[in-house]
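Residue-level listing of the chains:
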Amino acid sequence: ATSSPGNNDVNNGHENNSTATIICKGHSRPIPQIEFKNTTEDGLFMISSCLDNRPMLRDGATGDWIGSFVGHNGAVWCARLNSNATRAVTASADFSAKYWCAITGQLLHTFEHRHIVRAATFSKDDSKIFTAGHEGKIRIYDLKKPEAEPTVCEDKQAKIQYLLTPSESLIVSSDDKEKMIKVWDTRTLKHVKSLEINGVVTDLGYSLDSSLMCATAGHSAFFWDMKSFDLVKEMKTDRELMSVAVDTERNRLVLGSVKDLWVRRYDFKSEKEVACNKGHHGPINSLAFTPDGSFASGSVDGTIRIWRWPEERS
């Protein structure tokens with residue numbers, strides 16, 4: 001672990017439509033991705049990747065810094081936790097993915113690659129790690145024998161940016177050129193389905209309850225049923241979008257855009273904009289909801305902000 005990045009600031013939020021804000025400092029460069037892990041017996045945790053090469057683990061409720069994962073020599077594009085937040089995986093521009101103990105910060109294994117690694121994630125049962133990047137390969141590592149050669153899904157010439165694992169037998173990917181999302185079968189290692197969209201994917205993730213897969217591309221946000229991959233809705237906006245998160249249970253949607261420094265909040269069903277959260281000094285790369293209905297934003301400005309909806313303020 002490194003020395004603490006310092007205390008978080010609390011903004012009482014007059015500029016944010018009465019939305020209380022916790023400002024999480026410590027990173028020094030843009031933050032491409034943040035993730036909350038559903039509440040464990042030890043609490044709620046948030047992990048963030050950063051182009052400053054030091055992903056961080058925080059208390060998801062307060063934003064307080066817990067520790068940094070030290071070992072990468074290049075920008076870290078992705079950081080994910082396993083289901084109980086005891087392990088982490090990171091993907092980096094230093095041509096490696098790393099597997100960590102999230103309790104002690106100890107490096108457990110380094111998976112060497114031949115090019116930039118942009119995405120990494122765990123299987124549903126936490127027994128495998130999936131990685132992808134600029135090599136046009138999705139690698140599948142067995143954590144029971146991490147030193148063994150991985151099995152590979154070939155996506156030649158693709159620079160893969162995002163990976164999801166909706167089930168034990170499926171992987172979802174997107175790259176930096178094709179206007180589609182690809183579904184892969186881990187049993188056959190083959191591409192089995194394509195979801196056509198109107199632009200290159202700029203964000204890809206799950207809804208809070210994991211019932212939907214959500215993505216941004218061009219001026220639209222897309223939402224698919226996670227089991228059938230049927231398109232539930234496409235929401236069109238007048239801005240080029242960069243990030244999305246949705247809480248279907250509370251009917252809440254948040255979006256970030258390429259040229260906008262604000263987080264815009266919407267009613268998910270009606271698509272009506274209900275508020276605009278101001279405070280960042282750069283575009284919003286990543287958004288994520290917490291189980292209590294608040295959400296966080298990770299920005300090009302190097303900060304993370306945790307926001308509460310007005311009715312949740314005490």
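Use the structure listed above.
Residues numbered from 1 in each chain as written. Predicted model: local features only at pLDDT ≥ 70, side-chain atom pairs only at ≥ 80, totals over all residues. Heavy atoms only, no water.

Explain empty space enclosed by the protein here, please?
Vacant regions in the atomic arrangement are exposed by a probe of water-molecule size rolled over the atoms. One pass over the structure, following the stated rule, counts one cavity of 30 Å³ or more. If you trace the largest cavity, you find it lined by Asp-155, Ser-173, Ser-174, Asp-175, Glu-178, Met-180 and Lys-182. Those elements that place two or more of their residues in the lining of the largest cavity are strand S16 (170-175) and strand S17 (180-185). Ranked by the residues each element gives to the lining of the largest cavity, the list is headed by S16, at three residues. (1 Å grid on protein atoms, 1.4 Å probe; cavity = no way out; pocket = protein on both sides within 12 Å on 5 of 7 lines; lining within 4 Å. Points joined across faces, edges and corners; volume = space filled by probe spheres on them. Helix = DSSP H or I, 4+ residues; strand = E, 2+ residues; numbered from the N terminus.)

What should I look at first to understand the nonpolar core in this one?
Side chains that are nonpolar tend, in soluble globular proteins, to be buried together. Membership of the largest hydrophobic core comes to 17 residues, with the highest contact counts inside it found for Val-172, Ile-181, Ile-197, Leu-204, Met-213, Trp-224 and Phe-229. Counting only elements with at least two residues in this core, the list comes to strand S15 (160-167), S16, S17, strand S19 (201-206), strand S20 (212-217) and strand S21 (220-225). In terms of residue count, S20 provides more of this core than any other element does, three residues in total. Excluding residues that lie within four positions of it along the chain, Ile-197 makes contacts with Lys-179, Met-180, Ile-181, Ala-217, Phe-222 and Trp-224. (Core = buried A, V, L, I, M, F, W, Y, C linked by side-chain atoms within 4.5 Å. Buried < 20%, exposed > 50% of the residue type's maximum accessible area, 1.4 Å probe, protein only. Contact = heavy atoms within 4.5 Å.)

Please clarify how the layout of surface pockets should be interpreted in this entry.
Approximately 190 Å³ is the volume found for the second largest pocket. Taken together, 14 residues form the lining of the second largest pocket, with Glu-112, Arg-139, Tyr-141, Glu-149 and Pro-150 sitting closest to its centre. Here the lining of the second largest pocket takes four residues from strand S10 (residues 107-112), the largest share from any one element. Across the lining of the second largest pocket, the residue classes tally to six nonpolar, three polar and five charged. (Nonpolar A, V, L, I, M, F, W, Y, C, P; charged D, E, K, R; others polar.)

How should I be thinking about the pattern of salt bridges in this particular structure?
Side-chain pairs of opposite charge can arise where the charged atoms are in close proximity. Counting across every chain of the model gives 11 salt bridges. Measuring nitrogen to oxygen at the nearest pair gives 3.0 Å for the salt bridge that ties Lys-137 to Glu-154. Highlighted residues: Lys-137 in strand S13 (residues 137-142) and Glu-154 in strand S14 (residues 151-154), separated in sequence by 17 residues. Residue Lys-137 is classed as partly exposed on the basis of its relative accessible area, which comes to 22%. (Salt bridge = Lys/Arg side-chain N within 4 Å of Asp/Glu carboxyl O.)

Got a minute to help me understand the sheet that holds strand S24 (residues 252-257) in this structure?
Two pairing modes exist for strands in a sheet, parallel and antiparallel, and in both the strands are linked by backbone hydrogen bonds. The four strands are arranged S23-S24-S25-S26 in an open sheet whose pairing can be described as antiparallel. One side of each edge strand has no neighbouring strand; the edge strands of this open sheet are strand S23 (241-247) and strand S26 (273-277). In this sheet, neighbouring strand axes are inclined to one another by 20 degrees on average, regardless of whether the strands run parallel or antiparallel. Two strands pair when backbone bridges link them, and S24 and strand S25 (residues 263-267) are joined in this way by four bridges, in the antiparallel orientation. Across the sheet, the residue bridging to Arg-252 is Asp-267, located in S25. (Pairing = 2+ DSSP bridges. Axes fitted to C-alpha atoms, helices over the stretch in contact; angles between N-to-C directions.)

Even after reading the chapter, I still don't get the sheet that holds strand S22 (residues 231-236), so can you show me in this structure?
Overall, antiparallel pairing links the four strands, which are arranged S19-S20-S21-S22 in an open sheet. Either end of the sheet is taken by a strand with one partner, and the two such strands are S19 and S22. Across the sheet, the axes of successive neighbouring strands diverge by a mean angle of 15 degrees, strand direction being ignored. Pairing analysis gives six bridges linking S20 to S21, with the strands arranged antiparallel. Paired with Cys-214 across the two strands is Phe-223, which belongs to S21.

Sorry if this is basic, but what is going on with the packing of aromatic side chains here?
What characterises a pair of aromatic rings is the spacing of the ring centres plus the angle enclosed by the ring planes. A complete count under the given rule lists seven aromatic pairs for this structure. Where Phe-69 meets Trp-100, the ring centres are 5.3 Å apart and the plane angle is 55 degrees; that geometry is what we call tilted. You can see Phe-69 sitting in the loop between strand S6 (65-68) and strand S7 (76-81) and its partner Trp-100 sitting in strand S9 (residues 96-101), a full 31 residues away along the chain. Here Phe-69 matches Trp-100 in class, with each residue buried. Geometrically, the ring pair formed by Phe-111 and Tyr-141 is tilted, given 4.2 Å between the ring centres and 40 degrees between the ring planes. Residue Phe-111 is found in strand S10, and its partner Tyr-141 is found in strand S13; the two are separated by 30 residues along the sequence. In this structure, Lys-124 is placed above the aromatic ring of Tyr-206, and the distance from its NZ or CZ to the ring centre is 5.2 Å. Lys-278 extends its terminal NZ or CZ atom over the ring of Trp-262, reaching a point 4.4 Å from the ring centre. (Phe/Tyr/Trp six-rings, centres within 6.5 Å; stacked < 30°, edge-to-face > 60°. Lys NZ or Arg CZ within 6 Å of the ring centre and 35° of its normal.)

Explain unusual backbone geometry to me, please; I cannot follow it from the model alone.
A negative phi angle is the norm for most residues apart from glycine, just as the trans form is the norm for most peptide bonds. Even without a glycine there, the phi angle at Asn-53 is positive, about 75 degrees. Assignment of secondary structure puts Asn-53 in the loop between strand S4 (43-49) and strand S5 (56-59). Given a relative accessible area of 22%, Asn-53 falls into the partly exposed group. For Phe-95, which is not glycine, the phi dihedral falls at a positive 70 degrees. Inspection of the secondary structure assignment puts Phe-95 in the loop between strand S8 (87-92) and S9. For Phe-95, a relative accessible area of 33% gives the class partly exposed.

I would appreciate a short explanation of the side chain of Thr-216 in the present structure.
Mapped onto the elements, Thr-216 comes out in strand S20. Residue classification places Thr-216 among the buried residues on the basis of a relative accessible area of 0%. In contact with Thr-216, not counting residues within four places along its chain, are Val-200, Val-201, Thr-202, Asp-203, Ala-221, Leu-241, Met-242, Ser-243, Val-244 and Leu-255.

Function cannot be inferred from these measures alone, as they are strictly geometric.
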